[in-house]
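These are the residues of each chain, in order.
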Amino acid sequence: MHKTIDDLANRWLKRKPDGLTALESRVLQSALDRTTITRDTNKAVAFHSTYGDRVADTIARIGGSWSFILGFIAFLILWTFGNAWLLTRDAFDPYPFIFLNLVLSMVAALQAPVIMMSQNRQTERDRIDAAHDYEVNLKAEIEIMALHEKLDELRHSEIIGMRDEILRMAEQIRRIDEKLAARSPS
């Protein structure tokens, strides 16, 4: 039996073919062609990422790590200890550490947008992953429906075969009964 996307859309998705999205049409076509639709979305995202995207991801990965936090805490302790106790008279940034506040503000002003860029890229990656997951799940559902349909057809043909066999046996029994009835003296 030759199936088309229109047939599958009507049968399995209960929709008219013109109401299908491009993704649904692609899934139905892959079901007809018996091809896979899975792909590595990480490779696709990595292939399209720019140098700036990779830098933003690296800064976000480093800035959000425990090693960075612990290292930065150590830096702050050294800065305050050095300027408050070791260099008391010759401190280049005496208490209340105005230069340190300036440095921290500049780091935060630069780090926050870079981390937000990385988060935006991660959100886009999550969107791509969700769309791909939907595509794979839809294909799985369609394949399961196709298997159910095949099993139903097999069961139906077996039932028809058993019915025909029962009718054939019933006809044989009827003939045997007729022969026995004709032989027996009543």
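One structure accompanies this document, and this report is about it. (Residues numbered from 1 in each chain as written. Predicted model: local features only at pLDDT ≥ 70, side-chain atom pairs only at ≥ 80, totals over all residues. Heavy atoms only, no water.)

1. Some details on the overall build of the protein chain
Broken down by element type, the protein chain carries 6 helices and 0 strands. Mapped in sequence order, the helices and strands of the protein chain form the string α-α-α-α-α-α. Relative to its length of 186 residues, the protein chain is extended, with a C-alpha radius of gyration of 37 Å against a globular reference of 16 Å. Viewed in the frame of its principal axes, the protein chain has a C-alpha envelope of about 140 × 40 × 25 Å. Nonlocal contacts in the protein chain, meaning residues at least 24 apart in sequence, comprise 64% of its contacts between residues at least 6 apart. Summed over its atoms, the accessible surface of the protein chain is roughly 14,100 Å², and 64% of this surface lies on carbon and sulfur atoms. Charge separation in the protein chain, taken as the distance between the mean sites of 24 positive and 26 negative side-chain charges, equals 4 Å. (Helix = DSSP H or I, 4+ residues; strand = E, 2+ residues; numbered from the N terminus. Rg over C-alpha atoms; globule rule 2.2 N^0.38 Å. Contact = heavy atoms within 4.5 Å. Areas by Shrake-Rupley, 256 points an atom, 1.4 Å probe, with all protein chains shown as cover. Lys, Arg positive; Asp, Glu negative; His and termini not counted. Charge placed at Lys NZ, Arg CZ, Asp CG, Glu CD.)

2. Details of the nonpolar core
Trp12, Leu13, Leu20, Val27, Leu28, Leu138 and Ile142 are the most contacted members of the largest nonpolar core, which totals 13 residues. Secondary-structure elements contributing two or more residues to this core are α1 (5–12), α2 (22–33) and α6 (98–183). Beyond its immediate sequence surroundings of up to four residues, leucine 13 is in contact with Leu8, Leu20, Glu24, Leu28, Leu138 and Ile142. (Core = buried A, V, L, I, M, F, W, Y, C linked by side-chain atoms within 4.5 Å. Buried < 20%, exposed > 50% of the residue type's maximum accessible area, 1.4 Å probe, protein only.)

3. Here we look at the packing of aromatic side chains
For the structure on display, the rule yields 7 aromatic pairs. When the centroid spacing of 5.5 Å and the interplanar angle of 45 degrees are considered together, the rings of phenylalanine 81 and tryptophan 85 count as tilted. In this pair, phenylalanine 81 and tryptophan 85 are both assigned in helix α5 (residues 66–86), 4 residues apart and thus about one turn of the helix distant. Judged by its relative accessible area of 40%, phenylalanine 81 is partly exposed. (Phe/Tyr/Trp six-rings, centres within 6.5 Å; stacked < 30°, edge-to-face > 60°.)

4. Describing the packing of α1 against α2
Taken N-terminus to C-terminus, the directions of α1 and α2 make an angle of 110 degrees; their axes are 10 Å apart at the nearest point. Here α2 runs roughly perpendicular to α1, going by the angle between their axes. Here Ile5, Leu8 and Ala9 of α1 lie close against α2, whose contacting residues are Ser25, Leu28, Gln29 and Leu32. The residue makeup of the contact of α1 with α2, split by class, is 5 nonpolar, 2 polar and no charged. (Axes fitted to C-alpha atoms, helices over the stretch in contact; angles between N-to-C directions. Parallel < 35°, antiparallel > 145°, perpendicular 65-115°, else oblique. Nonpolar A, V, L, I, M, F, W, Y, C, P; charged D, E, K, R; others polar.)

5. Concerning the environment of leucine 23
Along the polypeptide, leucine 23 turns up in helix α2. When the C-alpha atoms of leucine 23 and glutamine 119 are compared, they prove to be 26 Å apart, with 96 residues separating the residues in sequence. Each residue touching leucine 23, except ones within four places of it in the same chain, is listed here: Ala131, Tyr134, Glu135 and Leu138.

6. A word on α6
Along its 86 residues, α6 runs 123 Å from first to last C-alpha, staying within 8% of the 128 Å computed at 1.5 Å per residue. Summarising the contacts, the buried residues of α6 are in contact with α1, α2, α3 (41–48), α4 (51–63) and α5. (Expected span 1.5 Å × (residues − 1).)

7. Overview of the side chain of histidine 132
If you trace the backbone, histidine 132 turns up in helix α6. Of the residues examined, histidine 132 reaches a relative accessible area of 7% and is grouped as buried. Sequence-distant contacts of histidine 132, that is, excluding residues within four places in its chain, are made with Ile37, Thr38, Arg39 and Thr41.

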